[in-house]
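This is what each chain is made of:
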Amino acid sequence: WGRDLGWALYCRRCMWRGLVNSAESLPERTCPACGGDLSVSGPVWARGMVEEAIVERVGEELPSSASQDSRRISELLRLEADLPPLYYNLDRVASFAGLPTPAVEAVLKELRRRGFAAGRTHADPKGVKTDAEIGELLEVLRDLSRGTR
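A. Just the sheet that holds strand β4 (residues 88-89), in detail. With antiparallel pairing, the 3 strands of this open sheet are ordered in space as β4-β6-β5. What marks the edges here is a single partner per strand, and that holds for β4 and β5 (118-121). Where β4 meets strand β6 (residues 124-130), 2 bridges bridge the pair, whose relative direction is antiparallel. Within the sheet, the bridge partner assigned to Y88 lies in β6 and is V128.

B. Geometry of the nonpolar core. Of all hydrophobic cores here, the largest spans 27 residues; its most connected members are W16, V93, V107, L111, I134, L137 and L141. The set of elements that each furnish at least two residues to this core consists of β1 (5-11), α3 (90-97), α4 (104-113) and α5 (134-146). Among the elements that make up this core, the one with the highest residue count is α5 (6 residues). Residues contacting W16, with those up to four places away along its chain left out, are L9, Y10, C11, C31, P32, A33, L38, E133 and I134.

C. Structural context of the side chain of T130. Secondary-structure assignment places T130 in strand β6. One polar contact links the side chain of T130 to the main-chain carbonyl oxygen of A117, over a distance of 2.7 Å. Engagement of the side chain of T130 in a polar contact is seen with the backbone nitrogen of A132, the distance being 3.0 Å. Dropping the residues within four chain positions of it, T130 is found in contact with R17, P84, Y88, L111, F116, A117 and A118.

D. Just the pattern of salt bridges, in detail. Scanning the entire structure with this criterion turns up 7 salt bridges. E110 serves as the salt-bridge partner of R113, at 2.8 Å between the closest nitrogen and oxygen. Residue R113 and its partner E110 are both found in helix α4; the two are separated by 3 residues, about one turn of the helix. You can call R113 partly exposed: its relative accessible area is 48%. Via salt bridges that share partners, E110, R113, R114, E139, D143 and R146 belong to a single interconnected network.

E. Focus on the layout of surface pockets. In this structure, the largest pocket encloses a volume near 340 Å³. Lining the largest pocket are 13 residues; nearest its centre among them are Y10, R17, Y87, Y88 and R92. Taken together, the elements giving at least two residues each to the lining of the largest pocket come down to β1, β3 (38-45), β4 and α3. Counting residues per element, the lining of the largest pocket draws most heavily on β1, at 3 residues. Class assignment of the residues belonging to the lining of the largest pocket gives a composition of 8 nonpolar, 3 polar and 2 charged. Of the volumes computed, that of the second largest pocket is approximately 170 Å³. If you trace the second largest pocket, you find it lined by R17, G18, L19, P84, P85, L86, Y88, T130, D131, A132 and E133. Ranked by residues supplied to the lining of the second largest pocket, first place goes to strand β2 (residues 17-20) with 3 residues. A class-by-class count of the residues in the lining of the second largest pocket yields 6 nonpolar, 2 polar and 3 charged.

About the criteria used
Sequence order sets the numbering: in each chain, residues are counted from 1 along the sequence as written. Where local features are concerned, this predicted model is filtered to residues with pLDDT of at least 70; where side-chain atom pairs are given and counted, the filter is 80 or more; whole-chain, interface and lining totals use all residues. In computing side-chain values, all of the structure's heavy atoms are included and hydrogens and water are not. If DSSP finds at least two bridges between two strands, the strands pair. A run of DSSP states H or I qualifies as a helix once it reaches four residues; a run of E qualifies as a strand once it reaches two. Both are numbered from the N-terminal end. We define a nonpolar core as any set of buried Ala, Val, Leu, Ile, Met, Phe, Trp, Tyr and Cys residues linked to one another through side-chain atoms lying within 4.5 Å. Burial classes: relative accessible area under 20% of the type maximum marks a residue as buried, over 50% as exposed, and values in between as partly exposed (1.4 Å probe, protein chains only). We call two residues contacting when some pair of their heavy atoms lies within 4.5 Å. Pairing of N or O atoms within 3.5 Å defines a polar contact, subject to two protein rules: one partner must be a possible hydrogen donor and the other a possible acceptor, and residues neighboring in sequence count only if both atoms are side-chain atoms. In the sections that follow, a salt bridge refers to a side-chain nitrogen of Lys or Arg positioned within 4 Å of a carboxyl oxygen of Asp or Glu. Within this scheme a cavity is a closed region of a 1 Å grid, computed over the protein atoms alone, that accommodates a 1.4 Å probe without allowing it to escape, whereas a pocket is open but has protein on both sides within 12 Å along at least five of seven lines; lining residues each have an atom within 4 Å of a point. Grid points are joined across faces, edges and corners, and a volume is the space filled by probe spheres set on the points. All residues other than Ala, Val, Leu, Ile, Met, Phe, Trp, Tyr, Cys, Pro, Asp, Glu, Lys and Arg, Gly among them, are scored as polar; the first ten of these are nonpolar and the last four charged.

Remember that the coordinates give geometry; whether it matters functionally is a separate question.
If you want it as structure tokens, here you go:
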């Protein structure tokens, strides 16, 4: 379990976030992006939330009578298997930047076009999992709000 648990780091000033795998690797409580104070939460589960093979098997064995919600959640879990464990809520990120919230699919498409891994999370309808840093995500939201992408 030791390597599976970690600590989530979050900066309220710039929305930077990170994940460290051991208490020994906890940095100073200073944000590496802006110098603000970091909040630390944990321990938290630090690796992927799902095993793709298990989720695929569950999806295959869903009875034909399973609800559309069950099928949708099963598919979201399968797709997020290879994504980072933490996610961004687009309403919060857009509000932080003083921008309108763009469509989740538009953000995902643009992140992928820029070479980042990106997908939805089952945990939040406005949630996006990506390996992009917050600055890159903010740039995508700004570009989408200006219509430049």
